[in-house]
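Spelled out, the chains give:
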There are 2 protein chains.
Amino acid sequence: MDIAVLGTGTVGRTIAGKLSELGHTVVVGTRDPQATIARTEADPMGNPPYSAWQAEHPAVRLAPFAEAAASGELVVLATNGAGSLDALTGAGEENLGGKVVLDISNPLDFSRGFPPTLSVKDTDSLAEQLQRAFPAARVVKSLNTMTAAVMVDPGRVSGGGHSVFVSGDDPGAKRTVVSLLESFGHTDVVDLGDLSTARGAEMYLPLWLRLMGALGTPFFNIKVVR
Amino acid sequence: MDIAVLGTGTVGRTIAGKLSELGHTVVVGTRDPQATIARTEADPMGNPPYSAWQAEHPAVRLAPFAEAAASGELVVLATNGAGSLDALTGAGEENLGGKVVLDISNPLDFSRGFPPTLSVKDTDSLAEQLQRAFPAARVVKSLNTMTAAVMVDPGRVSGGGHSVFVSGDDPGAKRTVVSLLESFGHTDVVDLGDLSTARGAEMYLPLWLRLMGALGTPFFNIKVVR
C-alpha cells in the first residue's frame, strides 16, 4: 500500500521503518524537507538527526507534507500533538479527502514542564478536533497509548500479550487500521467505539506517564483483562 | 482492625461487607443515619435500600460520619466524588489526624449527562484536594480504577490477573493499604508514587468508562504488562 507518514521524530521514523519493512511504499512528510535533512545534531530527545535514519532507510522518501499525503492511500499522523493540526493543514484537505488518517498523536503540553498536561480533554479530543477540521478525512485514533517501539513490535514488552485501542466514526477505516495493527503483531485490538471515545485513550496518557516513572521503562503496556 | 467506611452506596457497602467478612470491626458513616435507614426505595442506580443490606450485615454498624471516623484506625472514603469533601468535613479533622484515609472516590461530574466529565484533572486531583483540606490525614488513592465487586474480589474478572494502583505521600500509609489490597486478593499492586500520581489514576476513568461501553460489562480490569 502507498502510505504517507507525517512526522520525522521517533514515532514517525519507527512507523515508517516498519511499514517499509513490511513492503509498503512509504513517503515521510515534513514541513521543510531540506531543513529536516540539513540538521546534523541530535534532537531534544537525543535521537540522531533524520539524515542518519534516512541513510539506513533509502527506500523511504522524504517530501513536503502535501506531496507525502498526496502519494498515500493511507496517512499516518505521527507528529507531536502540538503539531498535528499544522501537519494536516500542510497536507491539505484535497490530499486527505476520503483517506484513512491514522492519528497517533497525543495532546501533550510540555509548556509547564514535566509531567505534561493535556491541551484538550474531557469534553473533546485531539482526534475529534482533527476530524472537525478535515471532515472528509476518515480519522481513526490508535497506537497513542504505548511507546513507539511497542507500537510496531508488541513483543518488545516481555511480559506477554497486551491491548491496543481503536476509535473512529468510519467502520471501514477502522477495519483498515485493524489490519495494519495486526500486521505489526497486535493480537488484542479493542474497538472503543466512535471517535469521541478517543477522549478516553488520550486521557490515559497521564497514567501512562506515571507508570513509566514508576516502572522506570517505557517498554510496558496494558492488557484489558475480561 | 477498626475501620470506618464513609459512604452507603455500592462501593461503601461492597467494601464494608468484605472488611467485615475478613474479621474487621466496621462502622459505616453517613450524613444522617436515620434518613439512610428510613429510605425504602432503590437508589438511582437500582440498588436496594440500605436497610435491606444492613439486615444482611448485622455486624456492620451505621453512624454519622464523625462517629464512624472516630471509631476507625483507618478510614475508607467510598462516597461519590462530589460528596468526598463533605464526607471528610463531616468526619472532622480531629477524627482524621494521623489516620490512613483510603480514597476510592472518583471526581466524576454527571451534571451534563453520560459519559461524565472530570471535575478536577490534569494539574490537580481529588486525592490532592482532600489531602490539602486535611493535611494531618495520610491520604492514599487506590481501587478507584475498577468496579466495586472487582475491588474486593479480583477473581470476579475471569480473564486472569490484573493490576491495582496506589498513590500517596506517606510510605507507611501505602504499606497499610497494600496489605489491605492483598487481603482482598490483589496480587499486582503498582505503586505509582506520590499523591500527585493520583491524577493519572483518576484521569484513567474516561477510558474505563469507554471500555465498559465497548465490552458491555464492568467486570474487567487492566493489567500492566511489563
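What this report covers is the structure whose coordinates are included nearby. (Residues numbered from 1 in each chain as written. Chains lettered and ligands numbered in written order. Predicted model: local features only at pLDDT ≥ 70, side-chain atom pairs only at ≥ 80, totals over all residues. Heavy atoms only, no water.)

Two side chains that carry opposite charge are able to pair once their charged atoms sit near each other. Applying the stated rule across the entire model yields 20 salt bridges over all chains. We note a salt bridge from Lys121(A) to Asp122(B), for which the minimum N-O separation is 2.2 Å. Of this pair, Lys121(A) sits in the loop between β7 (117-118) and α6 (126-133) while Asp122(B) sits in the loop between β7 (117-118) and α6 (126-133), each in a different chain. Using a relative accessible area of 24% as the deciding quantity, one classes Lys121(A) as partly exposed. Classification of Asp122(B) by relative accessible area gives buried; the value is 7%. (Salt bridge = Lys/Arg side-chain N within 4 Å of Asp/Glu carboxyl O. Helix = DSSP H or I, 4+ residues; strand = E, 2+ residues; numbered from the N terminus. Buried < 20%, exposed > 50% of the residue type's maximum accessible area, 1.4 Å probe, protein only.)

Relative to the elements of secondary structure, Thr40(A) occurs in the loop between α2 (33-38) and α3 (50-56). Spatially, the C-alpha atom of Thr40(A) lies 8.6 Å from that of Ala52(A), the residues being 12 residues apart in sequence.

Taken together, 8 strands build an open sheet; the order of strands is β3-β2-β1-β4-β5-β8-β9-β10 (chain A) and the sheet is mixed. Every other strand in the sheet has two partners, leaving β3 (61-64) and β10 (189-193) of chain A as the edge strands with one partner each. For this sheet, the mean inter-axis angle between neighbouring strands, taken without regard to orientation, is 25 degrees. Looking at chain direction, strand β4 (residues 74-77) of chain A and strand β5 (residues 100-103) of chain A are connected through 4 bridges and run parallel. Each residue of the ladder has a partner; that of Val75(A), found in β5(A), is Val101(A). Sheet contacts for helix α10 (residues 205-215) of chain B: β9 (164-168) and β10 of chain A; angle to β10(A), the most-contacted strand, approximately 95 degrees. (Pairing = 2+ DSSP bridges. Axes fitted to C-alpha atoms, helices over the stretch in contact; angles between N-to-C directions. Contact = heavy atoms within 4.5 Å.)

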